[in-house]
Amino acid sequence: MQAMQEGENTKDDLLGLMLESNMRTSDEDGQSISGMTIKEVVEECKLFYFAGTETTSKLLTWTMIVLSMHPEWQDRAREEVLGVFGKSNLEYEGLNRLKRVTMVLYEVLRLYPPAVGLIRKTYKEIEIGGVTYPAGVLIELPVLLMHHDQDIWGSDVHEFKPERFANGISKASKNPGAFLPFGWGPRICIGQQLALIEAKMALCMILQHFEFELAPSYTHAPDNGNMMRPMHGAQIKLRAI
Ligand code: HEM
């Protein structure tokens, strides 16, 4: 804030924008408006840190595990990456052309959604599906259960089958609204595009330079306590190629 007040401002980034809002008390027409409080700025920073790092790292971790379990898909994804980029540096346009890698990431997000449920609290009496709830009730939309519902995805629901996303999300299941790794509605994940770009970049660089398999010590135990994570870690052996 001191740097901003001294004119060395850095409002090009998120923190700068929020601090600028905090310092602003009136708009261009001199109307009084209230910007973000410092508490709100701090809470927003915490949210971005938590929501932006834990989630994407879980997605990448599960992707490494699943591609170790399914070497045929690891090969297919690597073939695509090498076809688009070779062993050169990545570029944005190429990332958008990656079909198999995107299918793999979607299928990992379906089987192991980092956010296993979406929670809402009623702020007034409300009727949902014929049931009336008073104010103050916590309601959870069980994303994990929806992603594993046989009636929606078919009898192979528990299998890793990226090809179900070959024609996009809307054609992957009987109910396009059932794929909710990033939530839905007004609170949908603000970082979903960034997350997918980050995940694609990291996965591409790993596939370009390494083959990988599970270490014998790996035990498959998905834990959905807080965020979906491998309970005993992800021990993976990488071999440079
Ligand atoms: C694989 C990665 C990610 C997953 C699975 C994910 C998932 C989600 C979900 C399910 C929500 C909605 C929560 C709700 O409705 O209660 C959400 C919200 C949010 N996400 Fe993400 N997220 C990811 C990456 C990111 C990244 C990279 C950022 C920022 C850099 C980010 C920032 C946020 C923020 C700020 C919200 C709150 C939006 C709001 O309430 O208006 N997320 N995320």
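Definitions and limits used
Just so you know, the residues in each chain are numbered from 1, in the order the chain's sequence is written. Residue-level local features of this predicted model are given only where pLDDT is at least 70; pairs of side-chain atoms are given and counted only at 80 or more, and the full residue set underlies all totals for whole chains, interfaces and linings. Hydrogens and water molecules were not included; the side-chain quantities draw on all heavy atoms of the structure. UniProt positions are given in the numbering used here, feature names are shortened, and annotations may be inferred rather than shown by experiment. Coordinating N, O and S atoms are those within 2.8 Å of the metal (3.2 Å for Na, K and Ca), and as water is not part of the atoms, a site may appear to have fewer donors than expected. Secondary structure elements are taken from DSSP: a helix is a run of H or I of four residues or more, a strand is a run of E of two residues or more, and numbering for both begins at the N terminus. Under this definition, polar contacts are N or O atom pairs within 3.5 Å; protein pairs additionally need one hydrogen-donor-capable and one acceptor-capable atom, and for neighbouring residues in sequence, both atoms have to be side-chain atoms. We call two residues in contact when some of their heavy atoms are within 4.5 Å. Relative accessible area decides the class of each residue, using a 1.4 Å probe on protein chains only: under 20% of the type maximum gives buried, over 50% gives exposed, and in between gives partly exposed. Here an angle of 0 to 180 degrees is reported between the N-to-C directions of two axes, which are lines fitted to C-alpha atoms, with helices fitted over the stretch in contact. We call two directions roughly parallel when the angle between them is under 35 degrees, roughly antiparallel when it is over 145, roughly perpendicular when it lies between 65 and 115, and oblique otherwise. Note: crossing handedness is left-handed where the near helix turns anticlockwise from the far helix by less than a right angle, and right-handed where it turns clockwise. When residue character is reported, Ala, Val, Leu, Ile, Met, Phe, Trp, Tyr, Cys and Pro are called nonpolar, Asp, Glu, Lys and Arg charged, and the others, Gly included, polar. By definition, a salt bridge exists where a carboxyl oxygen of Asp or Glu is found within 4 Å of a side-chain nitrogen of Lys or Arg. What makes a residue near a molecule or strand is one non-hydrogen atom of that residue sitting within 4 Å of it. To pair, rings of Phe, Tyr and Trp, with the six-membered ring standing in for Trp, must have centres within 6.5 Å; the planes then decide the type, stacked if under 30 degrees apart, edge-to-face if over 60, and tilted in the middle. A ring is considered to have a charge above it if a Lys NZ or an Arg CZ atom is located within 6 Å of its centre and within 35 degrees of its normal.

An unreviewed UniProt entry annotates the chain as Secologanin synthase originating from Lolium multiflorum. Under the UniProt heading Cofactor (unreviewed entry), the note attached to the chain is "heme". Per UniProt, the chain has the following entry under Subcellular location (unreviewed entry): "Membrane".

K.L.:
Help me understand the coordination of the iron atom of the ligand in this model?
P.N.:
By definition of the ideal shapes, a tetrahedral metal site with four donors has angles of 109.5 degrees and an octahedral site with six donors has angles of 90 or 180 degrees. Its sole protein donor being Cys 189 (SG), the iron atom of the ligand sits 2.3 Å from that atom. Relative to the helices and strands, Cys 189 resides in the loop between helix H8 (150-153) and helix H9 (192-209).

K.L.:
What is the right way to look at the side chain of Glu 80 in this model?
P.N.:
In this structure, Glu 80 sits in helix H4 (residues 71-85). A polar contact of 2.7 Å, which involves the side chain of Glu 80, links it to the backbone nitrogen of Lys 99. Aside from chain neighbours lying at most four places away, what touches Glu 80 is Arg 97, Leu 98, Lys 99, Arg 100 and Val 101.

K.L.:
Help me out: how do you make sense of helix H2 (residues 14-23) in this one?
P.N.:
Because each turn of an α-helix spans 3.6 residues, side chains separated by three or four positions end up pointing in the same direction. Listed as buried for H2 are Gly 16, Met 18, Leu 19, Ser 21 and Asn 22. Contacts from the buried residues of H2 go to helix H1 (2-5) and helix H3 (38-69).

K.L.:
Just checking my understanding: could you explain the environment of Pro 134 for this structure?
P.N.:
Mapped onto the fold, Pro 134 is located in the loop between strand S3 (131-133) and strand S4 (138-141). For Pro 134, a relative accessible area of 47% translates into the label partly exposed. For the pair Pro 134 and Lys 124, spaced 10 residues apart in sequence, the C-alpha separation works out to 6.4 Å. If sequence neighbours within four positions are ignored, Pro 134 has contacts with Thr 122, Lys 124 and Glu 125.

K.L.:
Honestly, the packing of H2 against H3 in this entry has me stumped. Any pointers?
P.N.:
Any two packed helices are characterised by how steeply their axes cross, that is the angle between the axes, and by the distance between the axes. The geometry of H2 relative to H3 is characterised by a closest axis approach of 9 Å and an angle of 165° between their N-to-C directions. Overall, the two elements H2 and H3 adopt an arrangement that is roughly antiparallel. The chirality of how H2 crosses H3 is right-handed. Where H2 approaches H3, its residues Leu 14, Leu 15, Met 18, Leu 19 and Asn 22 are matched on the opposing element by Ile 38, Val 41, Glu 44, Cys 45 and Phe 48. A per-class count over the contact of H2 with H3 returns 8 nonpolar, 1 polar and 1 charged.

K.L.:
For this particular structure, what's the right way to read the pattern of salt bridges?
P.N.:
For side chains of opposite charge, pairing can occur when their charged atoms come near one another. In this structure the tally under the stated criterion is 12 salt bridges. Across the salt bridge formed by Arg 164 and Asp 156, the nearest N and O atoms sit 3.2 Å from each other. Comparing Arg 164 with Asp 156 shows no difference in burial state: the two are buried. Beyond isolated ion pairs, a larger network of salt bridges with shared partners links Glu 107, Arg 110, Asp 156, Lys 161 and Arg 164.

K.L.:
I'm lost on the site of the ligand in this one. Help?
P.N.:
Looking at the ligand, there are 20 residues lining it, with Ala 51, Thr 55, Arg 120, Arg 187 and Cys 189 nearest. Contacts to the ligand include Ala 51, whose backbone N or O atom sits 3.2 Å from a nitrogen atom. A distance of 2.7 Å separates an oxygen atom of the ligand from a polar atom in the side chain of Arg 187. At the level of elements, H3, strand S1 (118-121) and H9 are the ones that each hand at least two residues to the shell around the ligand. For the shell around the ligand, the residue count by class is 13 nonpolar, 5 polar and 2 charged.

K.L.:
What should I look at first to understand the packing of aromatic side chains in this one?
P.N.:
Given two aromatic rings, their pairing is described by the distance between the two centres and the angle made by the two planes. Enumeration over the complete set of coordinates arrives at 6 aromatic pairs. Taken together, a centroid distance of 6.4 Å and an interplanar angle of 75° make the contact between Trp 153 and Phe 179 edge-to-face. With Trp 153 in helix H8 and Phe 179 in the loop between H8 and H9, this residue pair connects regions lying 26 residues apart in the sequence. Phe 179 shares its class with Trp 153; the two are buried. A centroid spacing of 5.1 Å and a plane angle of 55° characterise the contact between Phe 165 and Phe 179, whose relative ring orientation is tilted. On the criterion of sequence distance, the pair formed by Phe 165 in the loop between H8 and H9 and Phe 179 in the loop between H8 and H9 is long-range, its members being 14 residues apart. With a relative accessible area of 8%, Phe 179 lands in the buried category. Among the aromatic residues, those joined into a ring-pair cluster are Tyr 106, Trp 153, Phe 165 and Phe 179. The ring of Trp 153 carries the charged tip of Arg 110 above its face, separated from the ring centre by 5.2 Å.

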